[in-house]
Amino acid sequence: MRQEKQLPNPKENKMGTMPIGKLLFNMALPMIIAMLVQALYNVVDSIYVSRISESAVTALSLAFPVQNIQIGFATGIGVGVNALLSKSLGEGNQDTANRAAGNGVFLVGVVTALFILFGFLGTRPYFEMQSQVAETVNGGADYTAICCIFSLGIFVEVLGERLLQSSGRTFYTMITQGTGAVVNIILDPVFIFGFAPLGIPAMGIAGAAIATVIGQWIAAILAVIFNLKCNPDVQFSLSFLKPRLPVIRPILTVGIPSIIMVAIGSVMNFSMNQILQGFSETATGVFGIYFKLQSFFFMPLFGINNATISIVAYNYGARNPKRITATLLRTSITAGCIMIAGLLAFQLLPDILLGIFNPTDEFLRIGRSALRIISLCFPAAAIGIALSASFQALGNGIYATIISLCRQMLVLVPAAYLLSLAGEVTYVWWAFPIAEVASLAVTLFFFTRIYLRKIKPLYN
């Protein structure tokens, strides 16, 4: 009896007992829904902007790395606060939990100030560095400046959602994200094309930015209300806002790697935009639209990946290798099915998918080849992303970082540049399958190591 008490008891948690398929579905579905809502409003943004001009679509593509960095900082701070706050609540240390939330607010203030400064001083030089087309530069600078100057909304929204998640109140985060996205979708045409009954003039691409920040601010206000009214695990006070290094250090220790991972994606996007601008503005616009469309397949994949990390980590602690391997197998099969659906959609329906963005004949020609060539890497991406969940779950996060670097920077950008020297933009798209195959090979190598060292010994 004493030995039983010392061993992990998987019956205490659904992750040790529930059928793997049902468990994956239950845990991944809320994350998938939230991510798909985000993907939907990004696509709707581009659909409306494409009615302005092709240059407006290109401006949105060039603005994406800056917006992605915003999300990276917001998520990094949020994840760091989440980790420290959850740990403190688990230890019964209410004071540290409160200071984690308060110092998170302080860090949000610092980062917001930096983005406001960039919004006033950096957006026009940023676009002038990438384009000589006046409409692209003016529209992109206006759009990015508005998103940066009013960036407090996105930072407060993400931090508020992480505080709710850390105390298990994930239902409220779905409300904040969903409401913000719906408001954005409704307001997009109002501010982009104008609404005479209310005296709102047409604002073009700047109107899309206004709709975006209004949606973010409404979501932020809801997140604050839910934390104040429905989250008794965190108490707020001005005294907790005072920065304290023993609190900030663990927040940044967890958050900075997350920020770096997102920054890698932003650098990749910026580098690819520079390469594609050497061909035409249209090619850059196509790349931006591809990213919006592929998110409908990659977002569910990342939702399943996040659920898999929790399940594998729990069963590793419970020393249950059969559930670990069963989870990774089920995740790989599910991910494969999702990405095969994406492959078929991009191969068979490229004209329909691109047609919703009001394309010119040249945009359609370049976009058709882009979707068909890049999507060839989808099945390899599915397996790679599914197996990489085991790295983070079993404490080898550096493996995931190396693979992300291979996928997005070390292989992709050099391959794209070398292929661009052939003088035809179609060749550039082949850099994506090349990078994905290379990263899958590295993933399989790392997975073999981690299986032999950490999973296989559990069977004995």
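To start, this report covers the structure provided alongside it. Predicted, not measured: the structure shown is a model, and the values here were computed from it.

Considerations on the overall build of the protein
Of the regular secondary structure elements, the protein holds 19 helices and zero strands. Relative to a compact globule of 460 residues, whose C-alpha radius of gyration would be 23 Å, the protein shows 23 Å and is just as compact. In terms of overall dimensions, the protein has a C-alpha envelope of 75 × 50 × 35 Å along the principal axes. Across the 460 residues of the protein, 52% fall into the buried class. For the protein, the centre of its 28 positive side-chain charges and the centre of its 19 negative side-chain charges are spaced 19 Å apart.

Notes on the nonpolar core
Ranked by internal contacts, the top residues of the largest apolar core, which has 45 residues, are Met 272, Phe 287, Phe 346 and Trp 429. At the level of elements, α10 (245-277), α11 (281-317), α12 (321-348), α14 (361-374), α15 (378-393), α17 (412-420), α18 (425-428) and α19 (431-455) are the ones that each hand at least two residues to this core. Among the elements that take part in this core, α11 stands out by supplying 10 residues, more than any other. If near-sequence neighbours (up to four positions away) are discounted, Met 272 is found in contact with Phe 287, Ala 416, Val 428 and Phe 432. In terms of nonpolar packing, the next biggest core, distinct from the first, is built from 42 residues, Leu 85, Ile 154, Phe 155 and Ile 192 among them.

Quick notes on the packing of aromatic side chains
Overall, the coordinates contain 22 aromatic pairs when judged by the stated rule. The interplanar angle of 80° and the centroid separation of 5.9 Å between the aromatic rings of Phe 73 and Phe 115 together place this pair among those described as edge-to-face. Of this pair, Phe 73 sits in helix α3 (residues 54-91) while Phe 115 sits in helix α4 (residues 94-121), placing them 42 residues apart in sequence. Seen in terms of ring centroids, Phe 298 and Phe 302 are 6.2 Å apart; in terms of plane orientation they differ by 35°. Their pairing is tilted. With Phe 298 and Phe 302 both in helix α11, this residue pair falls four residues apart, about one helical turn. Here the aromatic residues Phe 64, Phe 287, Tyr 290, Phe 291, Phe 297, Phe 298, Phe 302, Phe 346, Phe 378 and Phe 432 are joined through ring pairs into a cluster of three or more.

Concerning the side chain of Thr 123
The residue Thr 123 is located in helix α5 (residues 123-128) in this model. A relative accessible area of 5% places Thr 123 in the buried class. Here the side chain of Thr 123 touches Gly 119 through a polar contact of 3.4 Å, landing on its backbone oxygen. When near neighbours in sequence (up to four residues on either side) are disregarded, Thr 123 contacts Phe 118, Ala 141, Thr 144 and Ala 145.

Looking at the packing of α11 against α15
The contact between α11 and α15 brings their axes to 8 Å, and the two run at 30°. Looking at the two axes, α11 sits roughly parallel to α15. Read as a crossing pair, α11 and α15 show a hand that is right-handed. Contacts from Tyr 290, Gln 294, Phe 298, Leu 301, Phe 302, Asn 305, Thr 308, Ile 309, Val 312 and Ala 313 of α11 reach α15 at Phe 378, Ala 381, Ala 382, Ile 385, Ser 388, Ala 389, Gln 392 and Ala 393. When grouped by side-chain class, the residues that make up the contact of α11 with α15 number 13 nonpolar, five polar and no charged.

Brief notes about the state of the cysteines
By definition, a disulfide is the covalent link that joins the sulfur atoms of two cysteine residues. Applying the stated criterion to the full structure yields zero disulfides. No disulfide involves Cys 148; its nearest neighbouring cysteine sulfur is the one of Cys 147, lying 6.9 Å away. You can call Cys 148 buried: its relative accessible area is 1%. Lacking any disulfide linkage, Cys 337 is separated from the closest cysteine sulfur, that of Cys 377, by 17 Å. The exposure class of Cys 337 is exposed, given its relative accessible area of 51%.

About the cut-offs
Residues numbered from 1 in each chain as written. Predicted model: local features only at pLDDT ≥ 70, side-chain atom pairs only at ≥ 80, totals over all residues. Heavy atoms only, no water. Helix = DSSP H or I, 4+ residues; strand = E, 2+ residues; numbered from the N terminus. Rg over C-alpha atoms; globule rule 2.2 N^0.38 Å. Buried < 20%, exposed > 50% of the residue type's maximum accessible area, 1.4 Å probe, protein only. Lys, Arg positive; Asp, Glu negative; His and termini not counted. Charge placed at Lys NZ, Arg CZ, Asp CG, Glu CD. Core = buried A, V, L, I, M, F, W, Y, C linked by side-chain atoms within 4.5 Å. Contact = heavy atoms within 4.5 Å. Phe/Tyr/Trp six-rings, centres within 6.5 Å; stacked < 30°, edge-to-face > 60°. Polar contact = N/O pair within 3.5 Å; in protein donor to acceptor, adjacent residues only side chain to side chain. Axes fitted to C-alpha atoms, helices over the stretch in contact; angles between N-to-C directions. Parallel < 35°, antiparallel > 145°, perpendicular 65-115°, else oblique. Left-handed = near helix turned anticlockwise from the far one by under 90°. Nonpolar A, V, L, I, M, F, W, Y, C, P; charged D, E, K, R; others polar. Disulfide = S-S within 2.5 Å.

Functional significance is not addressed by these values, which are geometric in nature.
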